Amino acid sequence: MRIGIIGCGLIGNKRANAIKGNHDIVALCDTDIKKAERLKAQRELSDKLNYSKDIDIFITDDYKELCNRDLDIVIVSTINAKLSEITLYAVSKNINVIVEKPAGIDSREILPILDIVKERNVKVKVGFNHRYHPALLKAHEIFDSGVCGPIMFIRGRYGHGGRLGYDREWRADVSLSGGGETIDQGVHLIDLARWFMGDFDIVEGFATTYYWDMPVDDNGFISLRREDGRAAWLQVSCTEWKNMFSFEIYCRDVKLDVEGLGGSYGIETLKVYSMLPEMGPPDTTIYEFPRGDVSWEMEFDEFVNDIEEDHPVRMGDIEDAYKTLRIVEKIYGRE
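Owing to the predicted nature of the structure, the values given are computational and were not obtained by experimental measurement.

Trainee: Would you take a moment to explain the sheet that holds strand S3 (residues 58–60) for this structure?
Mentor: Strand pairs in the sheet, formed through backbone hydrogen bonds, run parallel or antiparallel to each other. Spatially, S3-S2-S1-S4-S5-S6 is the arrangement adopted by the 6 strands of the open sheet, whose pairing is parallel. In the strand order of this sheet, the two ends are held by S3 and strand S6 (124–126), each with one partner. Each strand axis lies, on average, 20° off the axis of its neighbour in the sheet, ignoring direction. Two strands pair when backbone bridges link them, and strand S4 (residues 73–76) and strand S5 (residues 96–99) are joined in this way by 4 bridges, in the parallel orientation.

Trainee: Explain a nonpolar patch on the surface here, please?
Mentor: A surface patch of nonpolar side chains, about 530 Å² in accessible area, is lined by Phe206, Tyr210, Tyr211 and Trp241. On the secondary structure map, Tyr211 appears in the loop between strand S8 (202–208) and strand S9 (219–225). The class of Tyr211 is exposed, set by a relative accessible area of 52%.

Trainee: Explain the environment of Gly266 to me, please; I cannot follow it from the model alone.
Mentor: Following the sequence through the fold, Gly266 ends up in the loop between strand S12 (254–259) and strand S13 (268–274). In this structure, the C-alpha to C-alpha distance between Gly266 and Arg38, residues 228 residues apart in sequence, is 30 Å.

Trainee: Any chance you could explain the sheet that holds strand S11 (residues 244–251) here in plain terms?
Mentor: A sheet is described by the order of its strands in space; here 8 strands give the open sequence S8-S9-S10-S7-S11-S12-S13-S14, paired in mixed fashion. Single-partner strands in this sheet number two, and they are S8 and strand S14 (283–289). For this sheet, the mean angle separating the axes of adjacent strands, direction not counted, is 10°. Taken together, the 8 bridges between strand S7 (residues 151–159) and S11 define a ladder with antiparallel strand orientation. Of the residues in S11, the one forming a bridge with Ile154 is Ile249. In this fold helix H9 (residues 186–197) packs onto S7, S9, strand S10 (231–237) and S11, with an angle of close to 160° to the strand it touches most, S7. Running at roughly 60° to S8, helix H11 (residues 318–332) makes contact with S8 and S9 of the sheet.

Trainee: Got a minute to help me understand the side chain of Asn243 in this structure?
Mentor: Inspection of the secondary structure assignment puts Asn243 in the loop between S10 and S11. A polar side-chain atom of Asn243 sits 2.8 Å from a polar atom in the side chain of Ser264. Contact partners of Asn243, with chain neighbours within four places excluded, come to Gly159, His160, Gly161, Ser264 and Tyr265.

Trainee: Hey, could you run me through the nonpolar core in this one?
Mentor: The nonpolar side chains of a soluble globular protein tend to be buried with one another. Grouped together as the largest cluster of nonpolar side chains are 72 residues, with contacts concentrated most on Ile154, Phe196, Leu234, Phe245, Phe247, Leu256 and Ile318. Sort the elements by how many residues they give to this core and H9 lands first, with 8 residues. In contact with Leu234, not counting residues within four places along its chain, are Ile154, Gly156, Leu189, Ile190, Ala193, Gly220, Phe221, Ile222 and Leu224. Counting residues in hydrophobic clusters, the runner-up holds 19 residues, among them Ile19, Leu28, Ala36 and Ile55.

Trainee: For this particular structure, what's the right way to read the packing of aromatic side chains?
Mentor: Two aromatic rings, taken as a pair, are described by how far apart their centres are and by the angle between their planes. If you walk through the whole model with that rule in mind, you get 12 aromatic pairs. Three or more aromatic residues link up through ring pairs in this structure, and these residues are Phe143, Trp195, Phe196 and Phe247. Taking NZ or CZ as reference, Arg69 lies 3.9 Å from the ring centre of Phe58, over its face.

Trainee: Even after reading the chapter, I still don't get the environment of Ile318, so can you show me in this structure?
Mentor: On the secondary structure map, Ile318 appears in helix H11. Here Ile318 falls in the buried class, since its relative accessible area comes to 3%. Residues Ile318 and Ile113, 205 residues apart in the sequence, show an inter-C-alpha distance of 7.8 Å. Apart from residues lying up to four places away in sequence, Ile318 is in contact with Ala103, Ile110, Ile113, Leu114, Val117, Val124 and Val126.

Trainee: Quick question: what am I supposed to make of H9 here?
Mentor: The α-helix advances 3.6 residues per turn, and as a result positions three or four apart in sequence lie on the same side. Relative to the 16 Å expected for 12 residues at 1.5 Å per residue, H9 spans 16 Å between its end C-alpha atoms, a close match to the ideal helical length. Of all 12 residues in H9, 12 are buried, a share of seventy percent or more. Taken residue by residue, H9 has Gly186, Val187, His188, Leu189, Ile190, Asp191, Leu192, Ala193, Arg194, Trp195, Phe196 and Met197 as its buried positions. A positive phi of about 90° marks Gly198, the residue just after H9.

Trainee: Is there a simple way to explain the pattern of salt bridges in this structure?
Mentor: Side-chain pairs of opposite charge can arise whenever the charged atoms involved come near each other. Evaluation of the coordinates by the stated rule reveals 29 salt bridges. Here Arg2 makes a salt bridge to Asp70, at a shortest N to O gap of 3.8 Å. Separated by 68 residues along the polypeptide, Arg2 in strand S1 (residues 2–6) and Asp70 in the loop between helix H3 (63–67) and S4 bring together distant segments of the chain. By relative accessible area, which is 36% here, Arg2 ends up partly exposed. For Asp306, the salt bridge goes to Arg314, with nearest N and O atoms at 1.9 Å. Residue Arg314 is classed as partly exposed on the basis of its relative accessible area of 36%. What emerges from the salt-bridge pattern is a single network uniting Arg131, Asp191, Arg194, Asp199, Glu319, Asp320 and Lys323.

Definitions and limits used
- Residues numbered from 1 in each chain as written.
- Predicted model: local features only at pLDDT ≥ 70, side-chain atom pairs only at ≥ 80, totals over all residues.
- Heavy atoms only, no water.
- Pairing = 2+ DSSP bridges.
- Helix = DSSP H or I, 4+ residues; strand = E, 2+ residues; numbered from the N terminus.
- Axes fitted to C-alpha atoms, helices over the stretch in contact; angles between N-to-C directions.
- Patch = residues over 30% accessible without salt bridge, like charges linked within 9 Å, V, L, I, M, F, W, Y side chains within 5 Å.
- Areas by Shrake-Rupley, 256 points an atom, 1.4 Å probe, with all protein chains shown as cover.
- Salt bridge = Lys/Arg side-chain N within 4 Å of Asp/Glu carboxyl O.
- Buried < 20%, exposed > 50% of the residue type's maximum accessible area, 1.4 Å probe, protein only.
- Contact = heavy atoms within 4.5 Å.
- Polar contact = N/O pair within 3.5 Å; in protein donor to acceptor, adjacent residues only side chain to side chain.
- Core = buried A, V, L, I, M, F, W, Y, C linked by side-chain atoms within 4.5 Å.
- Phe/Tyr/Trp six-rings, centres within 6.5 Å; stacked < 30°, edge-to-face > 60°.
- Lys NZ or Arg CZ within 6 Å of the ring centre and 35° of its normal.
- Expected span 1.5 Å × (residues − 1).

Right, here's the structure in full:
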């Protein structure tokens with residue numbers, strides 16, 4: 001695959017590092033051209049050392065100029081306010097896209113992208129990379145096997161502690177981010193809840209600012225229910241102080257408990273609690289995944305397979321982003 005990356009900051013670098021082997025990053029774009037130059041130098045050195053490749057990567061500060069080149073995939077890792085605009089332009093050029101979550105700041109921005117994807121043989125994958133964390137993949141595998149029994153409810157918590165100057169970064173500007181913690185980490189929990197339980201009929205909750213001096217939320221409380229009463233209760237926070245991730249799936253016969261995401265979030269762990277016929281303490285199986293975060297690589301590799309096999313995007317497509325953003329908008333009271 002010939003790949004272009006638009007947005008060469010932290011996430012753009014992570015995306016670049018997740019691309020291995022025979023695929024070539026041939027173009028980079030950032031409004032701060034120095035970021036593109038730094039990533040170009042790093043990638044060219046890596047290609048030469050690891051793959052004996054000598055590729056002169058094109059750089060520009062104009063995303064349209066990049067999208068007018070011969071590319072198979074464009075990765076869009078910009079601020080939220082530019083995600084849908086750039087994605088729409090890329091798919092209009094028949095280029096497959098990986099776009100970072102939340103894929104836009106308003107669900108209506110997603111609609112023309114959905115139209116093009118339905119009309120043309122072009123694919124868009126959204127960066128819901130948490131689906132590819134090994135503990136969550138294992139949990140979903142066990143859930144799909146049927147041993148858990150019917151799902152009853154989900155409880156999810158996700159948070160970090162911010163950093164000095166956090167309230168002056170672009171995420172604190174609603175015109176650039178679309179909101180605060182609910183649209184940032186909240187979309188991951190919403191997406192995971194939908195992955196296990198499907199679509200929800202009732203959305204309630206609120207987003208508020210407790211600590212940071214900024215006009216966007218630093219905490220979000222989300223209640224999702226289906227008409228049959230099954231529910232997901234989710235909380236996201238950037239006043240957690242100690243990074244944490246917890247996602248619990250409660251079924252009739254088994255509870256699946258995922259904790260940690262690696263790194264500062266702690267070792268990624270899945271605990272499987274299997275209820276016994278006589279009740280009492282359950283049988284417990286614990287899986288640990290200490291290798292670190294491989295979700296970015298797995299996400300990219302699966303997308304390549306989808307393109308090569310002309311298969312619909314298997315997980316985290318643009319419709320998932322649309323439905324997730326609709327939930328966020330209800331929490332924000334924008335409907």
